Amino acid sequence: MTGREGKNIHSNSIRDYALACGTGLGMTFREVQLELKKKGLPLSVAEGFDTSTPISEIVSTERIRTPQNLNFSPNVNQQSRQRGNTKDMIFGIDSIISYVSEIFTPERGDVIFTGTPEGVSPVTSGNGLTAKLEGLITLRCYVR
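Because the structure is a prediction, the values reported are computed rather than measured.

About the criteria used
- Residue positions within a chain follow its written sequence, with the count starting from 1.
- Residues qualify for local features only when their pLDDT is at least 70, as the model is predicted, and side-chain atom pairs are given and counted only at 80 or more; totals for whole chains, interfaces and linings, by contrast, use all residues.
- The side-chain quantities take in all heavy atoms of the structure and omit both hydrogens and water.
- Only Phe, Tyr and Trp rings take part, Trp by its six-membered ring, and two of them pair if their centres are within 6.5 Å. Stacked means planes under 30 degrees apart, edge-to-face means over 60, and tilted covers everything else.
- Strands here are runs of E lasting at least two residues and helices are runs of H or I lasting at least four, both read from the DSSP assignment and numbered beginning at the N terminus.
- Definition of a polar contact: a pair of N or O atoms within 3.5 Å, with one able to donate and the other able to accept a hydrogen when the atoms are protein atoms, and with sequence-neighbouring residues admitted only if both atoms are side-chain atoms.
- By definition in these notes, contact holds between two residues if any of their heavy atoms fall within 4.5 Å.
- We define the nonpolar core as a collection of buried residues of types Ala, Val, Leu, Ile, Met, Phe, Trp, Tyr and Cys that are connected through side-chain atoms lying within 4.5 Å of one another.
- For each residue, the accessible area found with a 1.4 Å probe, counting protein chains only, is set against the maximum for its type, and the residue is called buried under 20%, exposed over 50%, and partly exposed in between.
- Paired strands are those between which DSSP finds at least two bridges.

Caption draft 1: Looking closely at the packing of aromatic side chains. Throughout the structure, instances matching the rule amount to 1 aromatic pair. Between Phe29 and Phe49, the aromatic rings sit 4.0 Å apart at their centres with planes inclined by 25 degrees, giving stacked as the arrangement. In this pair, Phe29 is assigned in the loop between β1 (20-21) and α2 (30-38) and Phe49 in the loop between α3 (44-47) and β2 (59-60), connecting sequence segments 20 residues apart.

And the structure:
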């Protein structure tokens, strides 16, 4: 989420633009995704359905001392399925925001998803999902 508009943001200037941070769950209909992939069609329908991307409350970046070293963990039914740390990301948060700003102009309120750690797993109707961001935020939702 950006605090102000910016184009071609240098990675050393990210704190001037990033206003807040949160966590989310990017859900995918795997069966639909595989069918679309076989047919050479865009995958957006498999990832852009109603309720596909719950997002947590947003916290100010001022509360985050070390954005390049944050633990996060999506869980299913209170069981750890994934565990990650921002320091282990292929591309750091600063690099991602800088790169995105070369393509389009991030504006206040925009959300940039940065990816997921290993361990993607299936969920079924009724499963309880949580996504935690190191003592800052916990997102809770259920699969319908």
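Caption draft 2: Up close: the side chain of Ser101. Of note, Ser101 is situated in helix α4 (residues 93-103). Among the polar contacts made by the side chain of Ser101, one reaches the main-chain carbonyl oxygen of Ser98 at a distance of 2.8 Å. Beyond its immediate stretch of four places on either side in the chain, Ser101 contacts Gly6, Lys7, Asn8, Ile9 and Pro106.

Caption draft 3: Broad picture of the nonpolar core. Of all hydrophobic cores here, the largest spans 9 residues; its members are Ile9, Ile14, Tyr17, Ala18, Met89, Ile93, Ile96, Ile97 and Val100. Counting only elements with at least two residues in this core, the list comes to α1 (14-17) and α4. Here the element with the most residues in this core is α4; it accounts for 4 residues.

Caption draft 4: Representation of unusual backbone geometry in the model. Although it is not a glycine, Thr51 adopts a positive phi angle of roughly 65 degrees. Tracing the backbone through its elements, the reader meets Thr51 in the loop between α3 and β2. Judged by relative accessible area, which is 54%, Thr51 ranks as exposed. Backbone geometry places Asn77, a non-glycine residue, at a positive phi of 50 degrees. Owing to a relative accessible area of 41%, Asn77 belongs among the partly exposed residues under this scheme.

Caption draft 5: Geometry of the pairing of strand β6 (residues 128-133). Counting buried residues along β6, 5 of its 6 residues qualify, which places the element largely inside the surrounding structure. Relative to β6, strand β3 (residues 71-76) runs antiparallel, the two being bridged by 5 bridges. Bridged to Ser73 within β6 is Lys132. Of the strand pairs in this sheet, β6 and strand β7 (residues 137-142) are connected by 6 bridges, and their pairing is antiparallel. Looking at the pairing, Ala131 lines up with Leu139 of β7. The loop that links β6 with its antiparallel partner β7 comprises 3 residues; one of these, Gly135, has a positive phi angle of about 70 degrees.

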